[in-house]
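# Overview (structure and organization)
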Amino acid sequence: MVPPLMRLLHFNRTFVTEQGAHDRIREATLRPAAYGLPRSLRRDVRVDVVHDRGWPVYTLTPTAGPDGFDRLAGGVVYAHGGGWVNEIVRQQWHLAATVAAEAGVVVTVPIYPLIPHGTAGPTRDRVVELVRASTEEHGPTGVMGDSAGGQIVLSAALALRDEGLRLPLTLLVSPALDLTWSNPRIPVVQPTDPWLATPGGRVLAEAWRGDLPLTDPAVSPLFGDLTGLGPLTVFTGTRDVLNPDAHLLVEKARAAGVEAELHEAPGQLHVYPMLPTATGRAAARVLVGRVARALRP
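The structure contained in this document is the topic of the report that follows. On a predicted model such as this, the values are computed, not experimentally measured, just so you know.

### Re the packing of aromatic side chains
One pass over the structure, following the stated rule, counts four aromatic pairs. With centroids separated by 5.0 Å and ring planes inclined at 75°, the aromatic side chains of Tyr58 and Trp93 adopt a geometry described as edge-to-face. Here Trp93 lies in helix H3 (residues 90-103) and Tyr58 lies in strand S2 (residues 55-62), a separation of 35 residues in the sequence. For Tyr58, a relative accessible area of 10% puts it in the buried group. Looking at Trp93, the relative accessible area reads 1%, which means it is buried. The rings of Tyr35, Tyr58 and Trp93 are connected pair by pair, giving a single aromatic cluster. Of note, Arg126 hangs over the ring of Trp55, and the distance from its end group to the ring centre comes to 5.8 Å.

Here you go:
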């Protein structure tokens with residue numbers, strides 16, 4: 001029932017036409033959305049926030065765990081999705097809190113600047129700094145991102161690899177990987193996707209790239225050399241126009257000698273591990289387990 005409901009509620013209005021994307025950018029500029037915590041969040045997670053160079057940066061620290069963690073396993077830097085134009089929402093906060101509490105890690109959640117104020121290069125560079133800071137303070141640190149956030153953290157992981165830091169975990173949920181939207185299988189998947197579409201996606205990509213070409217790995221990490229990247233985990237549903245690029249990423253990673261897991265859910269939508277469905281909840285449990293295994297071997 002979810003896809004028809006999404007179509008009825010016009011979930012795809014930002015993406016289905018170029019004008020829809022321009023309208024969304026204008027709306028976000030005139031009426032910025034709130035990014036703060038939802039009124040209810042897990043009680044076994046402590047939340048702190050600092051403001052650094054215009055970025056609110058939250059940390060979610062578990063206070064207790066179901067397995068009685070006697071130590072924190074490390075950290076995760078999580079970049080939320082939203083087409084680079086939408087703020088973090090309740091489902092994403094709850095995912096971050098669940099990962100913190102149930103994997104026993106400190107989750108750092110940066111509130112990065114969105115289109116039209118933010119662009120790919122500076123955002124990637126700041127996330128790189130946050131991963132290094134988390135590594136120094138909390139120990140081994142991985143990255144996690146959904147949708148647009150997946151693009152951001154994979155670009156950051158590639159930059160960190162270039163600087164000599166191989167991450168223990170790069171976990172991507174329905175990631176945006178190639179902002180040229182040129183995969184020939186996208187038109188095949190498009191009729192089944194009630195959420196994303198190419199026309200608006202191209203408008204947002206042009207705004208997000210800043211002064212970089214769309215094929216720069218800071219913008220489209222699928223174009224980067226994956227050699228030497230740490231373990232990679234990708235969740236994708238088949239009713240998602242980003243699904244074809246997820247396959248290309250995993251194939252390219254394995255060809256480069258990178259350990260890569262693909263969790264593909266037939267018939268599922270974009271960012272399905274955060275949707276209120278049985279399949280989504282099951283995928284979220286697998287996701288948390290993957291974080292725990294990577295950082296608490």
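Having seen the structure, we can now continue with the description.
### Things to note about empty space enclosed by the protein
Space left empty within the atom packing is revealed by a probe, the size of a water molecule, rolled over the atoms. In total, this model carries one cavity of 30 Å³ or more according to the counting rule given. Approximately 30 Å³ is the volume found for the largest cavity. In terms of lining residues, the largest cavity is bounded by Trp84, Ala176, Leu177, Asp178, Leu179, Trp181, Leu242 and Asp245. Residues that form the lining of the largest cavity fall into these classes: six nonpolar, no polar and two charged.

Quick notes on the rules
For every chain, the first residue of the written sequence is number 1, and numbering continues from 1 along that sequence. Only residues with pLDDT of at least 70 are given local features in this predicted model, and only at 80 or more are side-chain atom pairs given and counted; all residues enter the totals for whole chains, interfaces and linings. To get the side-chain values, take all heavy atoms of the structure and skip hydrogens and water. Side-chain rings of Phe, Tyr and Trp (the six-membered ring for Trp) are treated as a pair once their centres are within 6.5 Å; stacked means planes under 30 degrees apart, edge-to-face means over 60, and tilted covers the remaining angles. Here a helix means four or more residues in a row that DSSP labels H or I, a strand means two or more in a row labelled E, and each is numbered from the N terminus. Buried, partly exposed and exposed residues are distinguished by accessible area as a fraction of the type maximum, computed with a 1.4 Å probe on protein chains only: under 20%, between the cut-offs, and over 50%, respectively. Note on criteria: charge over ring means Lys NZ or Arg CZ within 6 Å of the ring centre, with the direction from the centre no more than 35 degrees off the ring normal. Cavity means a closed set of points on a 1 Å grid over the protein atoms alone, one where a 1.4 Å probe fits but cannot get out, pocket means an open set with protein on both sides within 12 Å along at least 5 of 7 lines, and lining means a residue has an atom within 4 Å of a point. Grid points are joined across faces, edges and corners, and a volume is the space filled by probe spheres set on the points. By the convention adopted, Pro, Cys, Tyr, Trp, Phe, Met, Ile, Leu, Val and Ala count as nonpolar, Lys, Arg, Asp and Glu as charged, and the other residues, Gly among them, as polar.

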